[in-house]
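# Observations on chain architecture
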Amino acid sequence: MKFGYFDDKNREYVITTPKTPAPWINYLGSEAMFGLISNTGGGYSFYRDAKLRRITRYRYNNIPVDQGGRYFFIKDTSDGEYWSATWQPVRKDLDNYECRHGLGYTKIKADYKDVESEVTYLVPKGENIELHRLKLTNNSSETKKLAIFSYIEFCLWNADEDDRNFQRNLNIGEVEIDGSAIYHKTEFRERRDHYAYYAVNREVSSFDSDRESFIGTYNNLNEPQALKSGKCSNSVASGWSPIASHCIEIELKPGETDELIFGLGYIELDQEDKWESKGVINKKPAVAQFAEYSTSSAFEDAFKIIQDDWTKLLKPYQIESDDKNLERMVNIWNPYQCMVTFNLSRSASFFESGIGRGMGFRDSNQDLLGFVHQIPKRARERILDIAATQLSDGGAYHQYQPLTKRGNADLGDGFFDDPQWLILGVCAYIKETGDVSILDTFVPYENNDELAQPLLDHLLRAHNFTLNNLGPHKLPLIGRADWNDCLNLNCFSDQPGESFQTTGNRKGRTAESLMIAGLFIFAAQDLADLLTTIDKTEQAEKTLETAKEMADAIRQHGREKEWYTRAYDFFGHKVGGEECEEGRIYIESQSWCAMAGVGLEDGFDRIALDSVKKHLATPHGIVLQDPPYSEYHLELGEVSSYPPGYKENGGVFCHTNPWIMIAETMQKNPEQAFEYYKQIAPAYREEISELHKQEPYVYAQMIAGKAAVRHGEAKNSWLTGTASWNYVAITQFILGIRPGYNGLIIDPCIPTDLGEIKVVRYFRGTKYNISIIAGKEEKGIFINGKQSDSNEILPEDNEEINITVNI
Ligand code: GLC
Ligand code: GLC
């Protein structure tokens, strides 16, 4: 069952009922001012950091779900009926409803009793203001007198404190009202140099800034006191919960349309500029900011700039195919999700509360893989930020806070896979851009300038970190955990409530990871190619030598009969071994060892991948391991704490599936790779939305596995490494167009029944027009009609290259 449809031409997903199985969300903003917004107007705004600079309130996991947003109530004064322009919070059955989630904006339409409304939400590029345009049309044959009420609730800046520290919070709220603008100046008097405001480009007939006055102490948000009485009470918040609501009276003749523009702005001031007079905030910058965007034409311009920007961002990789789901995933939604994930890491979504995590070292490096071709400049910045949090022994802070860019260990440390991802991130950046100069850039260790070294040194230390931390079988130690946060082999947590991410009850140097072993080899090969490119051949050879030794260790100690072992635990027992009753086979070691080609020569990779198919594959994707743990294992940690079939305990953890797709392409098995791709790609799951439950336009982190009660149901959409890895798998390995250090590599692996696929790829200033045809007699790569003997095609400045590939 579907709840909407793709509008490919407008790059929108159109939702046709407000009652989606879960709130289906979208994001506003791309640089500093961000918001998330659901299909019924729910969500919140923040400046840079969803935890430390939260501007509006939202109530996670509420009843009913999705409470708090930028809401508009419409009241027909002739009969007193009222409803919401976004369905929530009033939830009155509308005559018509439509939500269009587009790239960087959301448009929600409602019809009720011949009043048509349309709200468009966006953040103009480069500005710290969120705009809400409300259009109203009278489709009846009588004049309509309407009262419009806006509504947002301010957050007291730190979203975490906001939800906890009530003895303070309920005293500190302060506002100023000036004309049609309501200023949230809570705490501005002391250390804060910023305030927020909500304004409208029209005279208001009344307003409220105190929540209780607007709603009524014991009312719900679907029946505010102000709506009942038909006007706000001009309340001035003092403590309690500051809000902003404007009441505007509008008269519409038959057929007439009116339009209001609201601005939710964020202003930062220098210390000496903070005040207009004693106790009165300096509103000049706010007034100027809003004035710039308070006309219809300015709004339209801002909208157009966002659209053009997206056209530019998506341009480097566009395809044409008869498979429309493939087209919309590759051309629009997957790269869009990659960009959002890159911007927000794992901070704010419907599942990530915005207070939990900062930017992850491994997460951000992987996010970069899917996004680097969109804006290489920002990828470069991000690399330097991340690398600056690397530890001098080559290890890494697991997280850093985006506002401060400093590493912190509050959320756990000692994840021994972390450094390897930096190698993959930097190599991807250099392959895309050719910018080897980044390797000479001095970057601090541990955010300490005195410890700065060239970036290349960071990569070598990352590589050596693993070599310096080998266990009894000469395989990499796992540390707190590897990519699988839940494989906590040194944790031994026996107290409820202990965090698996920070508790470490034993300091072991025995637990080893086959996943890191495979990843290490994969990264080492990439690094060696890079070293060769910059003429450090001797170092390149040394690097390859270490990779060979690691492969030997895997062949000796990391193989079961039919698959790769997953790990050795604290006691030296196998995890993911034949003799294990549960957790016998894991996906991560199959994929990474096969991607590293450890068993390419003797056919063992094929055997391991066949075991993946036999034991782990389902119609809803490949589960992480099988059989899932039915009881808690002290020596394994969090993985065994989840119910069978969920999350790391045998869920389809979608991040891992593309690794298998890539490994299958390396085995030249296009049918299998593409089948795995389609099983989890959201557009292909649109028809089963009632089961899948999450947005059909973006990936979710997890789909419940075969042992789960609700096999096929997804959770944790949007902010997941799934986005970038699936993008890499489909664009670089299945369609097979990927950057090399010198040129663009053309290496498609597509099933015959896909027919012809056209790819336009802009790479280092050259436009490559590539046509891929599967199932042709005469195989090969033809450049402007002439067969090429290499599959790495060098760019020719500002030229177009026409390539035909027959496979
Ligand atoms: C989450 C984390 C990621 C981790 C994965 C597997 O997605 O953000 O860092 O690798 O879970 O546990
Ligand atoms: C939990 C989750 C895992 C996530 C980690 C970090 O362990 O199961 O997916 O990566 O938390 O927040």
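Nothing here was measured: the structure is a model prediction, and the numbers come from that model. (Residues numbered from 1 in each chain as written. Chains lettered and ligands numbered in written order. Predicted model: local features only at pLDDT ≥ 70, side-chain atom pairs only at ≥ 80, totals over all residues. Heavy atoms only, no water.)

## Digging into the pairing of strand E14 (residues 175-178)
- The sheet contact formed by E14 and strand E15 (residues 181-184) spans four bridges and is antiparallel. Residue pairing across strands places Val175 opposite His184, the latter belonging to E15.
- Joining the antiparallel neighbours E14 and E15 is a turn of two residues, in which Gly179 adopts a positive phi near 60°. (Pairing = 2+ DSSP bridges. Helix = DSSP H or I, 4+ residues; strand = E, 2+ residues; numbered from the N terminus.)

## A closer look at the site of ligand 1
- Taken together, Arg346, Arg357, Arg362, Asp363, Trp483, Asn484, Asp485, Glu648, Phe653 and Gln701 make up the full set of residues near ligand 1.
- Within the backbone of Trp483, a nitrogen or oxygen atom sits 2.5 Å from an oxygen atom of ligand 1.
- Contact distances for ligand 1 include 3.1 Å between an oxygen atom and a side-chain N or O atom of Gln701.
- Compared with its free state, where it exposes 310 Å², ligand 1 has 95% of that area covered by protein.
- Class assignment for the residues of the shell around ligand 1 results in two nonpolar, two polar and six charged. (Near = heavy atom within 4 Å. Polar contact = N/O pair within 3.5 Å; in protein donor to acceptor, adjacent residues only side chain to side chain. Areas by Shrake-Rupley, 256 points an atom, 1.4 Å probe, with all protein chains shown as cover. Nonpolar A, V, L, I, M, F, W, Y, C, P; charged D, E, K, R; others polar.)

## Side note on the pairing of strand E11 (residues 115-122)
- Most of E11 is tucked away: seven of the eight residues are buried.
- Bridge count between strand E10 (residues 105-112) and E11: eight bridges; the pairing is antiparallel. Following the sheet pairing, Lys107 is matched in E11 by Thr120.
- Where E10 folds back onto E11 in an antiparallel hairpin, the turn is made up of two residues, including Lys113, whose phi is positive at roughly 45°. (Buried < 20%, exposed > 50% of the residue type's maximum accessible area, 1.4 Å probe, protein only.)

## Comments concerning the packing of helix H9 (residues 376-387) against helix H10 (residues 418-433)
- Where H9 contacts H10, the two axes come as close as 11 Å, and the packing angle between them is 155°. Considered as vectors, H9 and H10 are oriented roughly antiparallel to each other. For the pair H9 and H10, the sense of crossing is left-handed. Between H9, through Pro376, Ala379, Arg380, Ile383 and Ala387, and H10, the contact on the second element is made entirely by Leu422, Gly425, Val426, Tyr429 and Thr433.
- Split by residue class, the contact of H9 with H10 holds seven nonpolar, two polar and one charged. (Axes fitted to C-alpha atoms, helices over the stretch in contact; angles between N-to-C directions. Parallel < 35°, antiparallel > 145°, perpendicular 65-115°, else oblique. Left-handed = near helix turned anticlockwise from the far one by under 90°. Contact = heavy atoms within 4.5 Å.)

## Looking at the site of ligand 2
- In the vicinity of ligand 2, the contacting residues are Arg357, Asp485, Cys486, Gln501, Glu638, Tyr642, Lys647, Glu648, Phe653 and Gln701.
- Starting from 300 Å² of accessible surface for ligand 2 in isolation, the protein chains cover 81%.
- Tallied by class, the residues present in the shell around ligand 2 amount to three nonpolar, two polar and five charged.

## A closer look at the packing of aromatic side chains
- Under the criterion given, the structure shown has 48 aromatic pairs.
- For the pair Phe3 and Trp24, a centre-to-centre distance of 5.9 Å together with 85° between the ring planes defines the contact as edge-to-face. Taken together, the residues span a long stretch of sequence, with Phe3 in the segment before strand E1 (4-7) and Trp24 in the loop between strand E2 (12-15) and strand E3 (25-28) at a distance of 21 residues.
- Of the residues examined, Trp24 reaches a relative accessible area of 0% and is grouped as buried.
- Seen in terms of ring centroids, Tyr44 and Tyr58 are 5.7 Å apart; in terms of plane orientation they differ by 45°. Their pairing is tilted. Separated by 14 residues along the polypeptide, Tyr44 in strand E5 (residues 43-47) and Tyr58 in the loop between strand E6 (54-56) and strand E7 (71-76) bring together distant segments of the chain. Residues Tyr44 and Tyr58 agree in their burial class; the two are buried.
- Pairwise contacts between aromatic rings join Phe3, Phe6, Tyr13, Trp24, Tyr27, Trp310, Trp333, Tyr336, Tyr697 and Trp718 into one cluster.
- Over the aromatic face of Tyr44 sits the side chain of Arg54, whose NZ or CZ is 3.8 Å from the ring centroid.
- The side chain of Arg506 reaches across the aromatic face of Phe570, ending 5.1 Å from its centre. (Phe/Tyr/Trp six-rings, centres within 6.5 Å; stacked < 30°, edge-to-face > 60°. Lys NZ or Arg CZ within 6 Å of the ring centre and 35° of its normal.)

## A look at helix H5 (residues 284-293)
- Of the positions making up H5, those classed as buried are Ala286, Gln289, Phe290 and Tyr293. The buried residues of H5 all sit within an arc of 90° when viewed along its axis, so they share a single face.
- The inward-facing, buried residues of H5 contact strand E12 (129-138), E15, strand E16 (194-200), strand E19 (257-268) and helix H6 (296-314). (Arc of directions from axis to C-beta.)

## Observations concerning the sheet that holds strand E37 (residues 714-717)
- Taken together, the three strands give an open sheet; going across it, the order is E35-E36-E37, and neighbouring strands pair in antiparallel fashion. Of all the strands in the sheet, the pair left with one neighbour each is strand E35 (652-653) and E37.

## Comments concerning the side chain of Asp485
- Counting through the fold element by element, Asp485 comes out in the loop between helix H11 (455-467) and strand E28 (512-513).
- We classify Asp485 as buried; its relative accessible area is 16%.
- Apart from the residues within four sequence positions on either side, Asp485 is in contact with Arg362, His398, Phe415 and Gln501.

## Regarding the sheet that holds strand E24 (residues 397-401)
- The three strands are arranged E23-E24-E25 in an open sheet whose pairing can be described as antiparallel. Each having just a single partner strand, strand E23 (359-360) and strand E25 (406-413) make up the two edges of the open sheet.
- Sheet topology note: the E24/E25 ladder contains four bridges and is antiparallel. Paired with Gln399 across the bridge in E25 is Asn408.

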